[in-house]
Amino acid sequence: MKAPELLLPAGGLERMRTAFDYGADAVYAGTPRYSLRARNNEFAHLPVLQQGISEAHARGKKFFLASNILPHNAKLKTYLADMEPIIAMGPDALIMADPGLIMKVREKWPDIPIHLSVQANTTNAWGVQFWQSIGIERIILSRELSINEIAEIRQQCPDIELEVFVHGALCIAYSGRCLLSGYFNHRDPNQGTCTNACRWDYKVHDTSHTDSGDVGVLADFNFNQAKINSEQEALTGLNEQQRHPLANKVYLIEEANRPGDMMPIMEDEHGTYIMNSKDLRAVEQVAKLAQIGVDSLKVEGRTKSVYYVARAAQVYRRAIDDAVAGKPFDYSLLAELEGLANRGYTTGFLERHQTQEYQNYLSGHSLSKQSQYVGKVTSVDEAGWATIEVKNKFSIGDQLEIIHPSGNQIIILQEMTRKGYPVNVASGNGIEVQIPHMHGKDRALIARIIPQHERS
(Lines give C-alpha, C1' and ligand atoms only; values in the text may rest on other atoms or scores of the structure.)
Protein backbone atom coordinates (compact mmCIF):
# COMPACT_ATOMS: atom_id res chain seq x y z
CA MET A 1 0.00 0.00 0.00
CA LYS A 2 1.34 3.43 -0.95
CA ALA A 3 1.29 6.02 1.82
CA PRO A 4 -0.91 8.96 0.83
CA GLU A 5 0.53 12.45 1.18
CA LEU A 6 -0.41 14.21 4.43
CA LEU A 7 -1.39 17.78 3.56
CA LEU A 8 -1.74 20.38 6.33
CA PRO A 9 -2.87 24.02 6.33
CA ALA A 10 -0.39 26.87 6.83
CA GLY A 11 -1.58 30.36 7.68
CA GLY A 12 1.95 31.52 8.42
CA LEU A 13 5.56 30.45 8.81
CA GLU A 14 5.21 29.12 12.36
CA ARG A 15 2.26 26.93 11.43
CA MET A 16 4.05 25.71 8.30
CA ARG A 17 7.13 24.74 10.32
CA THR A 18 4.94 23.06 12.93
CA ALA A 19 3.13 21.04 10.26
CA PHE A 20 6.44 19.75 8.90
CA ASP A 21 7.86 19.10 12.37
CA TYR A 22 4.88 16.89 13.24
CA GLY A 23 4.75 14.84 10.06
CA ALA A 24 3.18 16.73 7.15
CA ASP A 25 4.48 15.98 3.66
CA ALA A 26 3.10 19.20 2.22
CA VAL A 27 1.28 22.38 3.21
CA TYR A 28 -1.14 24.68 1.43
CA ALA A 29 -1.37 28.43 1.90
CA GLY A 30 -2.82 31.35 0.01
CA THR A 31 -2.66 35.04 -0.72
CA PRO A 32 -5.72 36.91 0.56
CA ARG A 33 -6.85 38.54 -2.68
CA TYR A 34 -7.17 35.28 -4.59
CA SER A 35 -7.82 32.56 -2.03
CA LEU A 36 -10.81 31.80 0.17
CA ARG A 37 -9.17 32.82 3.46
CA ALA A 38 -8.61 36.54 3.43
CA ARG A 39 -7.79 36.91 7.13
CA ASN A 40 -4.91 35.84 9.41
CA ASN A 41 -2.52 35.17 6.57
CA GLU A 42 1.17 36.07 6.83
CA PHE A 43 1.69 34.96 3.25
CA ALA A 44 0.04 38.15 2.01
CA HIS A 45 3.59 39.53 2.21
CA LEU A 46 5.60 38.27 -0.74
CA PRO A 47 8.94 38.02 1.13
CA VAL A 48 7.24 35.79 3.73
CA LEU A 49 5.71 33.66 0.98
CA GLN A 50 9.11 33.30 -0.70
CA GLN A 51 10.65 32.28 2.63
CA GLY A 52 7.92 29.70 3.19
CA ILE A 53 8.35 28.10 -0.24
CA SER A 54 12.15 28.09 0.10
CA GLU A 55 12.05 26.53 3.58
CA ALA A 56 9.62 23.84 2.44
CA HIS A 57 11.82 22.89 -0.49
CA ALA A 58 14.95 22.87 1.68
CA ARG A 59 13.25 20.26 3.88
CA GLY A 60 12.19 18.17 0.88
CA LYS A 61 8.54 19.14 1.40
CA LYS A 62 5.93 20.64 -0.92
CA PHE A 63 4.19 24.01 -0.77
CA PHE A 64 0.87 24.43 -2.62
CA LEU A 65 -0.68 27.84 -3.14
CA ALA A 66 -4.45 28.35 -3.03
CA SER A 67 -5.74 30.58 -5.79
CA ASN A 68 -9.26 29.22 -5.63
CA ILE A 69 -11.38 32.34 -5.61
CA LEU A 70 -14.48 32.52 -7.83
CA PRO A 71 -13.70 36.05 -9.06
CA HIS A 72 -15.85 38.88 -10.26
CA ASN A 73 -14.62 40.89 -13.27
CA ALA A 74 -12.74 43.44 -11.14
CA LYS A 75 -10.23 40.84 -10.00
CA LEU A 76 -9.57 39.58 -13.51
CA LYS A 77 -7.85 42.88 -14.30
CA THR A 78 -5.13 42.35 -11.68
CA TYR A 79 -4.84 38.58 -11.47
CA LEU A 80 -2.11 37.72 -13.98
CA ALA A 81 0.12 40.65 -13.00
CA ASP A 82 -0.22 39.86 -9.30
CA MET A 83 0.53 36.18 -9.85
CA GLU A 84 3.67 36.78 -11.94
CA PRO A 85 6.10 37.22 -9.00
CA ILE A 86 4.39 34.40 -7.10
CA ILE A 87 4.78 31.89 -9.92
CA ALA A 88 8.45 32.88 -10.08
CA MET A 89 8.86 31.71 -6.47
CA GLY A 90 8.22 28.12 -7.55
CA PRO A 91 5.18 26.85 -5.63
CA ASP A 92 4.66 23.13 -6.26
CA ALA A 93 1.11 23.69 -7.54
CA LEU A 94 -1.72 26.20 -7.67
CA ILE A 95 -5.06 25.17 -6.17
CA MET A 96 -7.72 26.64 -8.47
CA ALA A 97 -11.48 26.50 -9.02
CA ASP A 98 -12.51 29.02 -11.67
CA PRO A 99 -12.37 27.76 -15.29
CA GLY A 100 -11.47 31.18 -16.66
CA LEU A 101 -8.52 31.64 -14.32
CA ILE A 102 -7.39 28.09 -15.04
CA MET A 103 -7.51 28.80 -18.78
CA LYS A 104 -5.37 31.93 -18.44
CA VAL A 105 -2.84 30.27 -16.13
CA ARG A 106 -2.50 27.33 -18.53
CA GLU A 107 -1.86 29.78 -21.39
CA LYS A 108 0.68 31.95 -19.55
CA TRP A 109 2.43 29.35 -17.37
CA PRO A 110 1.89 25.95 -19.00
CA ASP A 111 4.40 24.21 -16.72
CA ILE A 112 2.86 25.12 -13.36
CA PRO A 113 0.90 22.14 -11.93
CA ILE A 114 -2.75 22.87 -11.13
CA HIS A 115 -4.82 21.11 -8.48
CA LEU A 116 -8.58 21.51 -8.88
CA SER A 117 -10.11 22.97 -5.71
CA VAL A 118 -12.96 21.35 -3.81
CA GLN A 119 -14.87 24.53 -4.73
CA ALA A 120 -15.24 23.10 -8.24
CA ASN A 121 -17.56 20.41 -6.83
CA THR A 122 -16.15 17.40 -8.69
CA THR A 123 -18.43 14.48 -7.82
CA ASN A 124 -18.03 11.96 -10.65
CA ALA A 125 -15.56 10.20 -12.93
CA TRP A 126 -16.57 12.08 -16.09
CA GLY A 127 -15.90 15.38 -14.34
CA VAL A 128 -12.46 14.12 -13.32
CA GLN A 129 -11.77 13.00 -16.90
CA PHE A 130 -12.78 16.40 -18.27
CA TRP A 131 -10.40 18.28 -16.00
CA GLN A 132 -7.65 15.76 -16.70
CA SER A 133 -8.11 16.34 -20.44
CA ILE A 134 -7.18 20.01 -20.07
CA GLY A 135 -4.07 19.28 -18.04
CA ILE A 136 -5.15 19.33 -14.37
CA GLU A 137 -2.79 17.10 -12.36
CA ARG A 138 -4.84 16.58 -9.19
CA ILE A 139 -8.54 16.68 -8.31
CA ILE A 140 -9.61 17.62 -4.78
CA LEU A 141 -12.85 15.68 -4.65
CA SER A 142 -16.10 17.09 -3.35
CA ARG A 143 -16.80 16.62 0.35
CA GLU A 144 -20.20 15.20 -0.57
CA LEU A 145 -18.78 11.87 -1.80
CA SER A 146 -18.90 8.56 0.03
CA ILE A 147 -15.92 6.22 0.30
CA ASN A 148 -17.59 3.87 -2.23
CA GLU A 149 -17.99 6.74 -4.71
CA ILE A 150 -14.36 7.74 -4.24
CA ALA A 151 -13.36 4.13 -4.92
CA GLU A 152 -15.40 4.09 -8.15
CA ILE A 153 -13.74 7.31 -9.33
CA ARG A 154 -10.31 5.87 -8.52
CA GLN A 155 -11.08 2.73 -10.56
CA GLN A 156 -12.33 4.71 -13.55
CA CYS A 157 -9.60 7.37 -13.35
CA PRO A 158 -6.45 5.45 -12.38
CA ASP A 159 -3.83 7.87 -13.71
CA ILE A 160 -4.66 11.19 -12.03
CA GLU A 161 -3.98 12.28 -8.46
CA LEU A 162 -6.98 12.39 -6.11
CA GLU A 163 -7.15 14.37 -2.86
CA VAL A 164 -9.75 14.00 -0.08
CA PHE A 165 -10.49 16.14 2.99
CA VAL A 166 -10.23 14.11 6.21
CA HIS A 167 -10.42 16.69 8.99
CA GLY A 168 -11.71 20.15 9.81
CA ALA A 169 -14.71 22.44 9.50
CA LEU A 170 -17.62 21.56 7.23
CA CYS A 171 -19.88 24.14 5.61
CA ILE A 172 -23.67 24.02 5.51
CA ALA A 173 -23.42 24.45 1.77
CA TYR A 174 -22.39 22.46 -1.27
CA SER A 175 -18.61 22.08 -0.96
CA GLY A 176 -18.42 25.47 0.74
CA ARG A 177 -20.45 27.46 -1.78
CA CYS A 178 -22.40 29.28 0.92
CA LEU A 179 -24.41 32.52 0.68
CA LEU A 180 -25.29 33.11 4.34
CA SER A 181 -22.38 35.39 5.19
CA GLY A 182 -22.94 37.48 2.08
CA TYR A 183 -26.64 37.80 2.88
CA PHE A 184 -26.21 38.82 6.51
CA ASN A 185 -23.29 41.26 6.37
CA HIS A 186 -22.18 41.49 2.73
CA ARG A 187 -19.01 39.44 3.22
CA ASP A 188 -19.00 36.89 0.43
CA PRO A 189 -17.59 33.45 1.31
CA ASN A 190 -16.79 32.84 -2.34
CA GLN A 191 -14.54 35.90 -2.30
CA GLY A 192 -12.62 34.74 0.77
CA THR A 193 -14.40 36.72 3.49
CA CYS A 194 -16.71 34.17 5.15
CA THR A 195 -17.86 35.12 8.67
CA ASN A 196 -19.11 31.60 9.50
CA ALA A 197 -22.72 32.73 9.73
CA CYS A 198 -23.86 29.11 9.84
CA ARG A 199 -22.22 28.82 13.27
CA TRP A 200 -23.82 31.86 14.88
CA ASP A 201 -26.28 31.54 17.74
CA TYR A 202 -29.79 30.93 16.40
CA LYS A 203 -33.01 30.32 18.28
CA VAL A 204 -35.77 28.30 16.65
CA HIS A 205 -39.37 29.46 17.17
CA ASP A 206 -42.57 27.59 16.50
CA THR A 207 -45.03 29.67 14.47
CA SER A 208 -47.66 29.21 17.17
CA HIS A 209 -45.66 31.63 19.34
CA THR A 210 -45.31 34.43 16.79
CA ASP A 211 -47.02 37.82 16.99
CA SER A 212 -49.06 39.68 14.38
CA GLY A 213 -45.97 41.35 12.94
CA ASP A 214 -44.93 38.04 11.44
CA VAL A 215 -48.21 37.34 9.69
CA GLY A 216 -47.09 38.73 6.33
CA VAL A 217 -43.85 36.80 6.42
CA LEU A 218 -45.69 33.60 7.29
CA ALA A 219 -48.32 34.11 4.60
CA ASP A 220 -45.62 34.39 1.93
CA PHE A 221 -43.76 31.44 3.39
CA ASN A 222 -46.85 29.23 3.60
CA PHE A 223 -47.60 29.94 -0.05
CA ASN A 224 -44.07 28.91 -1.00
CA GLN A 225 -44.24 25.90 1.34
CA ALA A 226 -47.43 24.71 -0.34
CA LYS A 227 -45.70 24.99 -3.71
CA ILE A 228 -42.69 23.03 -2.40
CA ASN A 229 -44.96 20.33 -0.96
CA SER A 230 -46.74 20.04 -4.29
CA GLU A 231 -43.41 19.67 -6.13
CA GLN A 232 -42.22 17.08 -3.60
CA GLU A 233 -45.42 15.10 -4.06
CA ALA A 234 -44.95 15.13 -7.82
CA LEU A 235 -41.36 13.93 -7.48
CA THR A 236 -41.79 11.32 -4.76
CA GLY A 237 -45.39 10.21 -5.14
CA LEU A 238 -45.92 10.83 -1.40
CA ASN A 239 -48.88 12.96 -0.38
CA GLU A 240 -48.92 15.34 2.60
CA GLN A 241 -50.13 12.66 5.01
CA GLN A 242 -47.45 10.18 3.94
CA ARG A 243 -44.48 12.55 4.32
CA HIS A 244 -42.73 12.96 7.67
CA PRO A 245 -44.81 15.36 9.82
CA LEU A 246 -41.86 17.71 10.36
CA ALA A 247 -41.65 18.28 6.61
CA ASN A 248 -44.94 20.21 6.70
CA LYS A 249 -44.20 22.41 9.70
CA VAL A 250 -43.14 26.07 9.53
CA TYR A 251 -40.35 27.32 11.81
CA LEU A 252 -38.81 30.73 12.36
CA ILE A 253 -35.21 31.37 13.37
CA GLU A 254 -33.87 34.40 15.19
CA GLU A 255 -30.17 35.27 15.11
CA ALA A 256 -28.78 36.48 18.47
CA ASN A 257 -27.60 39.87 17.13
CA ARG A 258 -30.87 40.51 15.24
CA PRO A 259 -33.56 40.18 17.92
CA GLY A 260 -37.08 40.28 16.54
CA ASP A 261 -35.95 39.59 12.97
CA MET A 262 -37.78 36.32 12.36
CA MET A 263 -36.65 34.35 9.33
CA PRO A 264 -38.82 31.45 8.09
CA ILE A 265 -37.10 28.15 7.45
CA MET A 266 -38.18 24.68 6.46
CA GLU A 267 -37.28 21.74 8.66
CA ASP A 268 -37.74 18.19 7.45
CA GLU A 269 -36.89 14.77 8.82
CA HIS A 270 -33.21 15.41 8.10
CA GLY A 271 -32.90 18.59 10.19
CA THR A 272 -32.50 22.33 9.70
CA TYR A 273 -29.63 23.01 7.37
CA ILE A 274 -29.01 26.66 8.20
CA MET A 275 -27.62 25.48 11.55
CA ASN A 276 -23.98 24.64 12.02
CA SER A 277 -22.31 21.37 11.09
CA LYS A 278 -20.17 19.22 13.26
CA ASP A 279 -16.51 19.05 12.25
CA LEU A 280 -15.13 16.40 9.94
CA ARG A 281 -12.96 13.70 11.55
CA ALA A 282 -12.12 10.79 9.26
CA VAL A 283 -9.04 9.40 11.01
CA GLU A 284 -10.77 6.00 11.24
CA GLN A 285 -11.20 5.99 7.46
CA VAL A 286 -7.52 6.66 6.67
CA ALA A 287 -6.75 2.97 6.02
CA LYS A 288 -9.71 2.61 3.62
CA LEU A 289 -8.73 5.75 1.71
CA ALA A 290 -5.13 4.54 1.46
CA GLN A 291 -6.29 1.13 0.20
CA ILE A 292 -8.44 2.82 -2.46
CA GLY A 293 -5.36 4.66 -3.68
CA VAL A 294 -6.17 8.24 -2.68
CA ASP A 295 -3.00 10.27 -3.23
CA SER A 296 -3.44 13.01 -0.63
CA LEU A 297 -5.30 13.36 2.68
CA LYS A 298 -6.08 16.96 3.52
CA VAL A 299 -6.69 18.74 6.83
CA GLU A 300 -8.72 21.97 6.77
CA GLY A 301 -7.84 25.04 8.84
CA ARG A 302 -5.58 27.80 7.55
CA THR A 303 -6.84 30.14 10.28
CA LYS A 304 -6.43 27.59 13.10
CA SER A 305 -3.77 27.63 15.83
CA VAL A 306 -0.28 26.12 15.99
CA TYR A 307 -1.65 23.59 18.48
CA TYR A 308 -4.36 22.49 16.03
CA VAL A 309 -1.79 22.04 13.26
CA ALA A 310 0.61 20.08 15.50
CA ARG A 311 -2.00 17.75 16.97
CA ALA A 312 -3.75 17.08 13.65
CA ALA A 313 -0.48 16.45 11.83
CA GLN A 314 0.79 14.11 14.54
CA VAL A 315 -2.43 12.09 14.74
CA TYR A 316 -2.96 11.69 10.99
CA ARG A 317 0.73 10.90 10.47
CA ARG A 318 0.41 8.01 12.91
CA ALA A 319 -2.83 6.84 11.27
CA ILE A 320 -1.20 6.80 7.83
CA ASP A 321 1.94 5.05 9.03
CA ASP A 322 -0.09 2.43 10.92
CA ALA A 323 -2.30 1.81 7.88
CA VAL A 324 0.69 1.31 5.57
CA ALA A 325 2.31 -1.02 8.12
CA GLY A 326 -0.88 -3.10 8.31
CA LYS A 327 -1.50 -2.29 11.96
CA PRO A 328 -5.06 -2.14 13.38
CA PHE A 329 -6.55 1.29 14.03
CA ASP A 330 -5.37 2.87 17.28
CA TYR A 331 -8.50 4.21 18.99
CA SER A 332 -6.44 6.46 21.25
CA LEU A 333 -6.13 8.74 18.21
CA LEU A 334 -9.79 9.64 18.58
CA ALA A 335 -9.21 10.84 22.14
CA GLU A 336 -6.23 12.91 21.05
CA LEU A 337 -8.35 14.74 18.48
CA GLU A 338 -10.96 15.44 21.15
CA GLY A 339 -8.33 17.73 22.68
CA LEU A 340 -8.73 20.11 19.76
CA ALA A 341 -11.43 22.76 19.86
CA ASN A 342 -14.32 21.25 17.91
CA ARG A 343 -18.07 21.40 17.37
CA GLY A 344 -18.49 17.69 17.79
CA TYR A 345 -17.24 15.28 15.15
CA THR A 346 -18.73 13.50 12.16
CA THR A 347 -17.38 11.41 9.29
CA GLY A 348 -19.32 13.70 6.97
CA PHE A 349 -20.56 11.96 3.82
CA LEU A 350 -17.82 9.33 3.75
CA GLU A 351 -20.03 6.75 5.45
CA ARG A 352 -23.73 6.39 6.11
CA HIS A 353 -24.78 7.69 9.51
CA GLN A 354 -27.69 8.89 11.55
CA THR A 355 -28.99 12.46 11.23
CA GLN A 356 -27.80 13.52 14.68
CA GLU A 357 -24.25 12.53 13.75
CA TYR A 358 -23.78 15.23 11.14
CA GLN A 359 -25.66 18.21 12.57
CA ASN A 360 -24.81 19.94 15.81
CA TYR A 361 -28.09 21.09 17.36
CA LEU A 362 -26.70 21.93 20.80
CA SER A 363 -23.85 24.38 20.36
CA GLY A 364 -22.40 26.50 17.62
CA HIS A 365 -19.13 27.39 19.31
CA SER A 366 -16.00 25.30 19.53
CA LEU A 367 -15.59 23.16 22.63
CA SER A 368 -12.40 21.55 23.88
CA LYS A 369 -12.81 18.08 25.35
CA GLN A 370 -10.44 15.68 27.09
CA SER A 371 -7.55 18.18 27.02
CA GLN A 372 -6.96 21.89 26.54
CA TYR A 373 -4.06 23.73 24.95
CA VAL A 374 -2.41 25.78 27.72
CA GLY A 375 0.96 26.94 26.41
CA LYS A 376 4.03 26.56 24.26
CA VAL A 377 7.72 26.26 25.11
CA THR A 378 9.68 29.26 23.86
CA SER A 379 13.09 28.22 25.26
CA VAL A 380 14.84 25.63 27.44
CA ASP A 381 17.92 26.56 29.48
CA GLU A 382 20.92 24.37 30.26
CA ALA A 383 19.36 23.23 33.55
CA GLY A 384 16.26 21.98 31.74
CA TRP A 385 13.92 24.76 32.82
CA ALA A 386 11.49 25.59 30.01
CA THR A 387 9.90 28.99 29.60
CA ILE A 388 6.20 28.59 28.79
CA GLU A 389 4.15 31.20 26.96
CA VAL A 390 0.82 30.66 28.70
CA LYS A 391 -2.37 30.42 26.62
CA ASN A 392 -4.84 29.05 29.20
CA LYS A 393 -4.78 28.52 32.96
CA PHE A 394 -3.00 25.55 34.54
CA SER A 395 -1.83 24.77 38.06
CA ILE A 396 0.48 22.72 40.24
CA GLY A 397 -0.93 19.19 40.44
CA ASP A 398 -2.38 19.27 36.91
CA GLN A 399 -1.72 16.46 34.48
CA LEU A 400 0.04 17.98 31.47
CA GLU A 401 0.77 16.44 28.11
CA ILE A 402 4.05 17.54 26.56
CA ILE A 403 3.56 17.38 22.79
CA HIS A 404 6.77 17.23 20.77
CA PRO A 405 7.90 15.83 17.40
CA SER A 406 10.20 13.41 19.24
CA GLY A 407 7.22 11.94 21.10
CA ASN A 408 4.62 12.93 23.67
CA GLN A 409 4.69 12.38 27.41
CA ILE A 410 2.33 13.03 30.31
CA ILE A 411 3.62 14.56 33.54
CA ILE A 412 2.18 15.70 36.86
CA LEU A 413 3.22 19.33 37.32
CA GLN A 414 4.98 19.59 40.68
CA GLU A 415 7.05 22.74 40.37
CA MET A 416 6.65 26.08 38.60
CA THR A 417 8.17 29.55 38.86
CA ARG A 418 7.46 33.00 37.53
CA LYS A 419 10.11 35.73 37.47
CA GLY A 420 12.25 33.56 39.74
CA TYR A 421 9.58 32.97 42.41
CA PRO A 422 7.57 29.78 43.03
CA VAL A 423 3.93 29.97 41.90
CA ASN A 424 1.03 27.53 42.09
CA VAL A 425 -1.02 28.84 39.16
CA ALA A 426 -0.25 30.03 35.64
CA SER A 427 -3.23 32.32 35.52
CA GLY A 428 -3.81 32.70 31.79
CA ASN A 429 -2.95 34.18 28.43
CA GLY A 430 -0.13 36.68 28.19
CA ILE A 431 2.23 35.62 30.98
CA GLU A 432 5.34 33.44 31.10
CA VAL A 433 6.20 30.73 33.63
CA GLN A 434 9.01 28.19 33.94
CA ILE A 435 8.77 24.44 34.56
CA PRO A 436 11.65 21.97 35.11
CA HIS A 437 12.84 18.70 33.55
CA MET A 438 12.28 19.77 29.96
CA HIS A 439 15.61 18.87 28.30
CA GLY A 440 15.10 18.27 24.57
CA LYS A 441 11.58 19.74 24.55
CA ASP A 442 12.31 23.05 22.85
CA ARG A 443 9.21 24.36 20.99
CA ALA A 444 7.00 21.72 22.62
CA LEU A 445 3.28 22.43 23.04
CA ILE A 446 1.57 21.90 26.39
CA ALA A 447 -1.96 20.56 26.91
CA ARG A 448 -3.77 20.14 30.23
CA ILE A 449 -5.61 16.85 30.66
CA ILE A 450 -9.10 17.81 31.81
CA PRO A 451 -10.21 15.86 34.90
CA GLN A 452 -13.35 13.76 34.51
CA HIS A 453 -15.38 15.95 36.88
CA GLU A 454 -14.72 19.02 34.67
CA ARG A 455 -15.85 17.38 31.43
CA SER A 456 -19.31 18.16 30.13
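Data block above holds the structure.
This write-up is about the structure you can find in this document. (Residues numbered from 1 in each chain as written. Predicted model: local features only at pLDDT ≥ 70, side-chain atom pairs only at ≥ 80, totals over all residues. Heavy atoms only, no water.)

**Notes on the overall build of the protein chain**
Broken down by element type, the protein chain carries 11 helices and 23 strands. The buried share of the protein chain, taken over its 456 residues, is 51%. Across the protein chain, contacts joining residues at least 24 apart in sequence account for 68% of those joining residues at least 6 apart. Of the roughly 21400 Å² of accessible surface on the protein chain, a fraction of 51% belongs to carbon and sulfur atoms. (Helix = DSSP H or I, 4+ residues; strand = E, 2+ residues; numbered from the N terminus. Buried < 20%, exposed > 50% of the residue type's maximum accessible area, 1.4 Å probe, protein only. Contact = heavy atoms within 4.5 Å. Areas by Shrake-Rupley, 256 points an atom, 1.4 Å probe, with all protein chains shown as cover.)

**Quick look at the pattern of salt bridges**
Enumeration according to the criterion identifies 24 salt bridges in this entry. Taking the shortest distance from any N to any O, the salt bridge between lysine 104 and glutamate 107 comes out at 3.8 Å. Of this pair, lysine 104 and glutamate 107 both sit in helix 4 (residues 99-108), 3 residues apart, roughly one helical turn. Of the charged contacts in the structure, one is a salt bridge between aspartate 330 and arginine 318, with a shortest N-O distance of 3.3 Å. Of this pair, aspartate 330 sits in the loop between helix 10 (306-324) and helix 11 (332-338) while arginine 318 sits in helix 10, and the two are 12 residues apart along the sequence. Using a relative accessible area of 28% as the deciding quantity, one classes aspartate 330 as partly exposed. (Salt bridge = Lys/Arg side-chain N within 4 Å of Asp/Glu carboxyl O.)

**What about the packing of helix 1 (residues 13-21) against helix 10?**
Between helix 1 and helix 10, the shortest axis-to-axis distance is 8 Å and the interhelical angle comes to 15°. On the basis of the axis angle, helix 1 is roughly parallel to helix 10. Considering only the axes of helix 1 and helix 10, their crossing is right-handed. Across the interface between the two elements, Glu14, Arg15, Thr18 and Ala19 from helix 1 touch Val306, Val309, Ala310 and Ala313 from helix 10. Across the contact of helix 1 with helix 10, the residue classes tally to 5 nonpolar, 1 polar and 2 charged. (Axes fitted to C-alpha atoms, helices over the stretch in contact; angles between N-to-C directions. Parallel < 35°, antiparallel > 145°, perpendicular 65-115°, else oblique. Left-handed = near helix turned anticlockwise from the far one by under 90°. Nonpolar A, V, L, I, M, F, W, Y, C, P; charged D, E, K, R; others polar.)

**Re the pairing of strand 4 (residues 93-96)**
On strand 4, burial covers both faces: Ala93 and Ile95 on one face and Leu94 and Met96 on the other are all buried. Of the pairings in the sheet, the one linking strand 3 (residues 62-66) to strand 4 comprises 3 bridges and is parallel in character. Directly across from phenylalanine 64, in strand 4, lies its bridge partner alanine 93. Read as a crossover between parallel neighbours, the route from strand 3 over helix 3 (residues 73-88) to strand 4 is right-handed. For strand 4 and strand 5 (residues 114-116), the ladder comprises 3 bridges, and the chain directions are parallel. (Pairing = 2+ DSSP bridges. Right-handed = clockwise from strand over helix to strand, strands pointing away.)

**Observations concerning the packing of helix 3 against helix 4**
As a packed pair, helix 3 and helix 4 sit with axes 11 Å apart at the nearest point and diverge in direction by 40°. Comparing their axes, helix 4 and helix 3 come out oblique. Here helix 3 runs over helix 4; the crossing is right-handed. Residues Leu76, Tyr79, Leu80 and Glu84 of helix 3 form the contact with helix 4, whose participating residues are Leu101, Lys104, Val105 and Lys108. A breakdown of the residues in the contact of helix 3 with helix 4 according to their chemical character gives 5 nonpolar, no polar and 3 charged.

**What about the side chain of threonine 417?**
Assignment of secondary structure puts threonine 417 in strand 19 (residues 417-418). For threonine 417, a relative accessible area of 15% puts it in the buried group. Residues contacting threonine 417, with those up to four places away along its chain left out, are Trp385, Pro422, Val423, Val433 and Gln434.

**Description of helix 2 (residues 46-58)**
Here helix 2 is 13 residues long and its end C-alpha atoms lie 18 Å apart, about the 18 Å a rise of 1.5 Å per residue gives. Among the structural elements, helix 1, strand 3 and helix 3 are those in contact with the buried residues of helix 2. Looking at the residues trailing helix 2, positive phi occurs at glycine 60, about 75°. (Expected span 1.5 Å × (residues − 1).)

**What about helix 5 (residues 125-133)?**
The set of residues buried in helix 5 consists of Ala125, Val128 and Trp131. Take helix 5 and look down its axis: the buried residues cluster within an arc of 125°, on one side only. Facing away from the buried side of helix 5 by more than 90 degrees, the exposed set consists of Trp126 and Ser133. Glycine 135, located one to two residues past helix 5, shows a positive phi value of around 100°. (Arc of directions from axis to C-beta.)

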